[in-house]
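Architecture and fold: a report
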Amino acid sequence: MNQDLRLEILSNGPEDTSNLGVKLAEALDGGEVIELIGDLGTGKTQFVRGVARGLGSKDVVQSPSFTISRIYQATGDVYLHHFDLYRLGENTGIIKTELQEVLNDPLAILVSEWADSVHDILPKDRVTINFIYMDGEKRRLLIKSNGPKSRKIVEYLS
Ligand SMILES: Nc1ncnc2c1ncn2[C@@H]1O[C@H](COP(=O)(O)OP(=O)(O)OP(=O)(O)O)[C@@H](O)[C@H]1O
Ligand SMILES: [Mg+2]
């Protein structure tokens, strides 16, 4: 029987947040989905920077707001697909097709910000991380699993 996990981590600055991303990357080998939830400027993209670094990518991670999605080349066979659907609006059709292709690819790791409008096609078994602004550079990160695959990742972080 699967018991889902919840983990709460306090980040004291951007470095803490990216280092957590580096650690999470160690638990990934393709086919995983990570959803990042939180207000503007709480550190979601900063976290992705760490994930990309942890996967051995030399690519520069930027907020993909204007392009919707970016792909970072990692070491080995896997790719990191970074989506930011903040500006997507109602036009979810094309993006859902693109997302579906990513989800069908066992070598793709999907990390998405602002994914509410595509929840219906995301697998239930995904890691969700809630970024909560505290004050100054402090953020509370609530990490949850929702199935066996995501549980393995949260377990690794705890
Ligand atoms: N503990 C922290 N963790 C992450 N970022 C922090 C932290 N403290 C300060 N920051 C700063 O907050 C900003 C976070 O920006 P980032 O682009 O990662 O936010 P975001 O959640 O992706 O926002 P958006 O929803 O607009 O994409 C950066 O400028 C970063 O340096
Ligand atoms: Mg962002």
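To start, this report covers the structure provided alongside it. Keep in mind that what you see is a predicted model, and the values were worked out from it rather than measured. (Residues numbered from 1 in each chain as written. Chains lettered and ligands numbered in written order. Predicted model: local features only at pLDDT ≥ 70, side-chain atom pairs only at ≥ 80, totals over all residues. Heavy atoms only, no water.)

**Here we look at the site of ligand 1**
Taken together, the neighbourhood of ligand 1 is formed by 17 residues, with Thr17, Gly41, Lys44, Thr45 and Glu137 sitting nearest. Backbone polar atom of Thr42 to an oxygen atom of ligand 1: 3.2 Å apart, as the coordinates give it. Contact between ligand 1 and Trp114: an oxygen atom at 3.0 Å from a side-chain N or O atom of the residue. Considering ligand 1 on its own, with 650 Å² of exposed area, one finds that the protein chains cover 77% of that surface. Secondary-structure elements contributing two or more residues to the shell around ligand 1 are helix H1 (14–25) and helix H2 (44–54). Tallying contributions element by element places H2 first for the shell around ligand 1, with three residues. By residue class, the composition of the shell around ligand 1 is three nonpolar, eight polar and six charged. (Near = heavy atom within 4 Å. Polar contact = N/O pair within 3.5 Å; in protein donor to acceptor, adjacent residues only side chain to side chain. Areas by Shrake-Rupley, 256 points an atom, 1.4 Å probe, with all protein chains shown as cover. Helix = DSSP H or I, 4+ residues; strand = E, 2+ residues; numbered from the N terminus. Nonpolar A, V, L, I, M, F, W, Y, C, P; charged D, E, K, R; others polar.)

**A look at the packing of H1 against H2**
Two quantities define a packed helix pair, namely the angle between the axes and the distance from one axis to the other. Where H1 meets H2, the axes come as close as 6 Å, and the angle between the chain directions of the two elements is 40°. Here H1 lies oblique to H2, going by the angle between them. Between H1 and H2 the crossing geometry is right-handed. Contacts between H1 and H2 involve Pro14, Glu15, Thr17, Ser18, Asn19, Leu20, Gly21, Val22, Leu24 and Ala25 on the former and, on the latter, Gln46, Phe47, Gly50, Val51, Arg53 and Gly54. Across the contact of H1 with H2, the residue classes break down as seven nonpolar, seven polar and two charged. (Axes fitted to C-alpha atoms, helices over the stretch in contact; angles between N-to-C directions. Parallel < 35°, antiparallel > 145°, perpendicular 65-115°, else oblique. Left-handed = near helix turned anticlockwise from the far one by under 90°. Contact = heavy atoms within 4.5 Å.)

**Some points on the nonpolar core**
General note: in soluble globular proteins, nonpolar side chains tend to be found buried as a group. Counting 27 residues, the largest nonpolar core has Ile34, Leu80 and Ile129 as the members making the most contacts within it. Contributions of two or more residues to this core are made by H1, strand E2 (33–38), H2, strand E5 (108–113), strand E6 (127–133), strand E7 (139–144) and helix H4 (148–157). Apart from the residues within four sequence positions on either side, Ile129 is in contact with Ile34, Glu35, Leu36, Ile37, Phe47, Leu141, Leu142 and Ile143. Counting residues in hydrophobic clusters, the runner-up holds 13 residues, among them Ile68, Ile95, Ala108 and Leu122. (Core = buried A, V, L, I, M, F, W, Y, C linked by side-chain atoms within 4.5 Å. Buried < 20%, exposed > 50% of the residue type's maximum accessible area, 1.4 Å probe, protein only.)

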